[in-house]
Amino acid sequence: MRIETARLVLRPAREDDLADMHAVLSDPLAMRWWSTPPHVDLDQTREWLAAMVAGGGAGLDLVIERDGRVIGKVGFYRPPDLGYILHPDHWGQGLATEALTAALDRLFATTDHAQATADIDPDNAASLRVIQKLGFTRTGVAERTWNVGGEWKDSVYFALSRGDWHTRARP
C-alpha cells in the first residue's frame, strides 16, 4: 500500500529503513515532542522498527520517503489516533501537511472510523498549527499525561470528523 503525493511517498516500513529511521528517532530536536526520549542506539531503533513492520498498520502506519530517503513516519499506529514525526531538516516546508492529508484520506477511504484524533503537546506550536490547518478542532486538555524521560508533558486533544474532512475547503 503505497501513497504518492506531490513530493512524498508514504509506504509500509521495511527493515532496510533502519538507518534513516534511526537518524529521525535519535535526533533530540525531532524527539522533543515524541512520546519517548531519543533513541540511544541502533538496537533500540531496530526493535521499534521491527514492531512497526510486524504491525503492518493495515496500510495506515507508514514511513515518509522523500527523494528515496525515509525522513519520518505518519499515520495511525492505533487508529483513529494520528501521529507523525519528521526529521528537522524537513520542517517548515509543508511536508507534514502533505503527509497528514494523504494519511487522513487513506483512513477515511479504507476504514469506517467516524473521526481521527490527535494528542498534541501544548508547547508544540508548529504541530498545533498543522492540525488546526487540517480542520481538527480542540476537544480538551489534560495535564501530566506523558512522562518522557522523567519530564511530565501535557496534552491538547483534537478531533476531525469524517464529514468535516470530506466537506473542507481544498487548496
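As the structure is a prediction and not an experimental result, all values here were calculated from the model.

Draft legend 1. Molecular detail of the overall build of the chain. Along the backbone of the chain there are 6 helices and 8 strands. Reading the helices (α) and strands (β) of the chain from amino to carboxyl end gives β-β-α-α-α-β-β-β-α-β-α-β-β-α. Relative to the compact-globule value of 16 Å for 171 residues, the chain shows a C-alpha radius of gyration of 15 Å, a close match. Once the C-alpha set of the chain is aligned to its principal axes, its extents read approximately 45 × 35 × 30 Å. Buried residues in the chain amount to 46% of all 171 residues. Of the roughly 9,000 Å² of accessible surface on the chain, 51% is carried by carbon and sulfur atoms. Placing the 19 positive and 24 negative side-chain charges of the chain at their respective mean positions leaves the two points 5 Å apart.

Draft legend 2. Region of interest: the nonpolar core. Leu10, Val74, Phe76, Leu104, Phe136 and Phe158 are the most contacted members of the largest nonpolar core, which totals 33 residues. Of all the secondary-structure elements, those providing two or more residues to this core are β3 (61-66), β4 (69-78), β5 (81-86), α4 (95-110), β6 (115-120), α5 (125-133) and β8 (151-161). Among the elements that take part in this core, α4 stands out by supplying 9 residues, more than any other. Filtering out sequence-adjacent residues up to four positions away, Val74 remains in contact with Leu10, Leu60, Asp61, Leu62, Ile64, Gly83, Tyr84, Ala99, Leu100 and Ala103. If you look at the next biggest cluster of nonpolar residues, it comprises 13 residues, including Met21, Ala30, Met31 and Val70.

Draft legend 3. Molecular detail of the environment of Asp41. Mapping Asp41 onto the fold places it in the loop between α2 (28-31) and α3 (42-55). For the pair Asp41 and Ile71, spaced 30 residues apart in sequence, the C-alpha to C-alpha distance is 18 Å. Only 3.2 Å separates the side chain of Asp41 from the backbone nitrogen of Asp43, close enough to count as a polar contact.

Draft legend 4. The side chain of His22, seen in detail. Mapping His22 onto the fold places it in helix α1 (residues 18-25). Assessed through its relative accessible area of 16%, His22 is described here as buried. Separated by 2.7 Å, the side chains of His22 and Thr45 make a polar contact.

Draft legend 5. Geometry of α5. Buried within α5 we find Ser127, Leu128, Val130 and Ile131. Burial along α5 is one-sided: seen end-on, the buried residues are contained in an arc of 165°. Facing away from the buried side of α5, by more than 90 degrees, are the exposed residues Arg129 and Lys133. Where α5 is buried, its residues touch β5, α4, β6 and β8. Residue Gly135 follows α5 closely and has a positive phi angle near 105°.

Draft legend 6. Representation of the pattern of salt bridges in the model. Using the criterion set out here, one finds 9 salt bridges in the structure. For Arg2, the salt bridge goes to Glu4, with nearest N and O atoms at 3.1 Å. Classification of Glu4 by relative accessible area gives exposed; the value is 58%. When the shortest N-O distance is used, the salt bridge between Arg11 and Asp17 registers 2.6 Å.

Draft legend 7. Quick peek at α1. Most of α1 sits inside the fold, with 6 of its 8 residues counted as buried. When we look at burial in α1, the residues that qualify are Leu18, Asp20, Met21, His22, Val24 and Leu25. Lining the buried residues of α1 we find α2, α3, β3, β4 and β5.

Parameters and conventions
Residues numbered from 1 in each chain as written. Predicted model: local features only at pLDDT ≥ 70, side-chain atom pairs only at ≥ 80, totals over all residues. Heavy atoms only, no water. Helix = DSSP H or I, 4+ residues; strand = E, 2+ residues; numbered from the N terminus. Rg over C-alpha atoms; globule rule 2.2 N^0.38 Å. Buried < 20%, exposed > 50% of the residue type's maximum accessible area, 1.4 Å probe, protein only. Areas by Shrake-Rupley, 256 points an atom, 1.4 Å probe, with all protein chains shown as cover. Lys, Arg positive; Asp, Glu negative; His and termini not counted. Charge placed at Lys NZ, Arg CZ, Asp CG, Glu CD. Core = buried A, V, L, I, M, F, W, Y, C linked by side-chain atoms within 4.5 Å. Contact = heavy atoms within 4.5 Å. Polar contact = N/O pair within 3.5 Å; in protein donor to acceptor, adjacent residues only side chain to side chain. Arc of directions from axis to C-beta. Salt bridge = Lys/Arg side-chain N within 4 Å of Asp/Glu carboxyl O.

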